[in-house]
Amino acid sequence: MAEPGRGSEDPNGSDPMTAGGSPSCSSLTTKELQQNWKLAKQKERPVRLLFEIPSSRVVEQLLHKHVVYQIVVMRSGSFDSHRVSVERRYSDFFRLHHKLLEEFDEELEDVVLPPKLLTGNFNCENILERRMALQDYLAKLFATRCVRHSAHFSEFFTEQEQKQAHVLLRAGQFTAALELLKTVLEIQEKLLPWQKSTLTVPALSAIAVCYRDLDEPEQAFSAAQRALPPVRRYGLKPYRAALLELLVDLGYQLGRPVAQLQDELTALRNGERGEVCFRSLKEVVIHKFV
């Protein structure tokens, strides 16, 4: 059984003895069972994250310049051919490494962050070498079980974009915020087999808010619907009331059946009266990154 709040190590795992219409165990000899099991194991393609750093660029600012590296994240297997990317500086890797060392010092004994360069930071050969070293570093981090389940690991790939998106959302720039939030959500979905199932709730909620304010109720309703199950399961009360309220309002607008959602919202409010400060979903989203 998977650890509560986390996905399985192999989210595509299935019973090889029954998949594909194979004969039941009772009709096979021990030798045939062993052969079937061996064939099934050979066909399995364990799902894991793959990281590539295919490019980098030098960013020149008024008083200094620095290198940013494009990190492409994808899950192995034919089911996930879409590549999504973010950009990070060496200083971002450095902060991640020290956060992880504070929590998992012994487990990271053999995982070494490429050292900081004192000279030649913008030399093409050094940048290429650094790209390969950082790519290998990410692969080694992912191979360490405690790291791939750590919130620090997921935040490294999404926190900057999520904060930028919320700045744009507060400024009313919903289209620009939405583009960043979609990138965040795609990466989080790739991380979900190894992260808590509530990981995507803030991004989905923010996406619902953006779509609603862009007067796209269908998309807003869909995003809120996706966020609600993990919120219910893990008792995220501020999100639950706000999502239900949004779904009820949008449901009436779209002509959807919302009686059960309305009953759930009423029961929640009655049960938590005086204990929970109910905010709109937009207020909950904005408060998350204040």
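The structure under discussion appears in the preceding block.
Everything numeric here is computed off the predicted structure, so don't read it as measured data.

**Some details on helix H10 (residues 259–271)**
Turning to step 1, where the next piece is worked out: Spanning 13 residues, H10 covers 18 Å between terminal C-alpha atoms, matching the ideal 18 Å at 1.5 Å per step.
Turning to step 2, where the next piece is worked out: Turning to H10, its buried residues number three or more, namely Leu261, Glu264, Leu265 and Leu268. Here the buried residues of H10 occupy an arc of 100 degrees about the axis, which is enough to place them on one side. Exposed and facing more than 90 degrees away from the buried side of H10 are Ala259 and Asp263.
Turning to step 3, where the next piece is worked out: On its buried side, H10 packs onto helix H8 (217–233) and helix H9 (237–254).

**What about the pattern of salt bridges?**
Turning to step 1, where the next piece is worked out: This structure, assessed with the given rule, holds 14 salt bridges.
Turning to step 2, where the next piece is worked out: Here Arg57 ties to Glu87 by a salt bridge, and the two come within 2.7 Å at their closest N and O atoms. Taken together, the residues Arg57 in strand E1 (residues 49–60) and Glu87 in strand E3 (residues 84–89) connect sequence positions 30 residues apart.
Turning to step 3, where the next piece is worked out: Judged by relative accessible area, which is 32%, Glu87 ranks as partly exposed.

**Let's talk about the packing of aromatic side chains**
Turning to step 1, where the next piece is worked out: Per the counting criterion, the structure on display carries eight aromatic pairs.
Turning to step 2, where the next piece is worked out: Their ring planes at 90 degrees and their centres at 5.2 Å tell us that Phe142 and Trp194 sit as a pair that is edge-to-face. Taken together, the residues Phe142 in helix H3 (residues 124–142) and Trp194 in the loop between helix H6 (174–191) and helix H7 (201–213) connect sequence positions 52 residues apart.
Turning to step 3, where the next piece is worked out: Judged by its relative accessible area of 1%, Trp194 is buried.
Turning to step 4, where the next piece is worked out: For the ring pair Phe156 and Phe157, a centre distance of 5.0 Å and an interplane angle of 85 degrees mean the geometry is edge-to-face. The burial state of Phe156 is the same as that of Phe157; both residues are buried.
Turning to step 5, where the next piece is worked out: Among the aromatic side chains, those forming a connected cluster through ring pairs are Phe51, Phe93, Tyr137, Phe142, Phe153, Phe156, Phe157 and Trp194.

**Section: the packing of H7 against H9**
Turning to step 1, where the next piece is worked out: Across the interface, H7 lies against H9 with an axial gap of 12 Å and an inter-helix angle of 30 degrees. Here H9 runs roughly parallel to H7, going by the angle between their axes. The handedness of the crossing between H7 and H9 comes out as left-handed. Each of Val201, Pro202, Ser205, Ala208 and Arg212 in H7 lies in contact with H9, whose residues at this interface are Tyr239, Leu243, Leu246, Asp249 and Leu250.
Turning to step 2, where the next piece is worked out: A breakdown of the residues in the contact of H7 with H9 according to their chemical character gives seven nonpolar, one polar and two charged.

**Thoughts on unusual backbone geometry**
Turning to step 1, where the next piece is worked out: Positive phi is not limited to glycine here, since Asp215 has a value of about 60 degrees.
Turning to step 2, where the next piece is worked out: Secondary-structure assignment places Asp215 in the loop between H7 and H8.
Turning to step 3, where the next piece is worked out: The exposure class assigned to Asp215 is exposed, which follows from its relative accessible area of 60%.

About the criteria used
Residues numbered from 1 in each chain as written. Predicted model: local features only at pLDDT ≥ 70, side-chain atom pairs only at ≥ 80, totals over all residues. Heavy atoms only, no water. Helix = DSSP H or I, 4+ residues; strand = E, 2+ residues; numbered from the N terminus. Expected span 1.5 Å × (residues − 1). Buried < 20%, exposed > 50% of the residue type's maximum accessible area, 1.4 Å probe, protein only. Arc of directions from axis to C-beta. Contact = heavy atoms within 4.5 Å. Salt bridge = Lys/Arg side-chain N within 4 Å of Asp/Glu carboxyl O. Phe/Tyr/Trp six-rings, centres within 6.5 Å; stacked < 30°, edge-to-face > 60°. Axes fitted to C-alpha atoms, helices over the stretch in contact; angles between N-to-C directions. Parallel < 35°, antiparallel > 145°, perpendicular 65-115°, else oblique. Left-handed = near helix turned anticlockwise from the far one by under 90°. Nonpolar A, V, L, I, M, F, W, Y, C, P; charged D, E, K, R; others polar.

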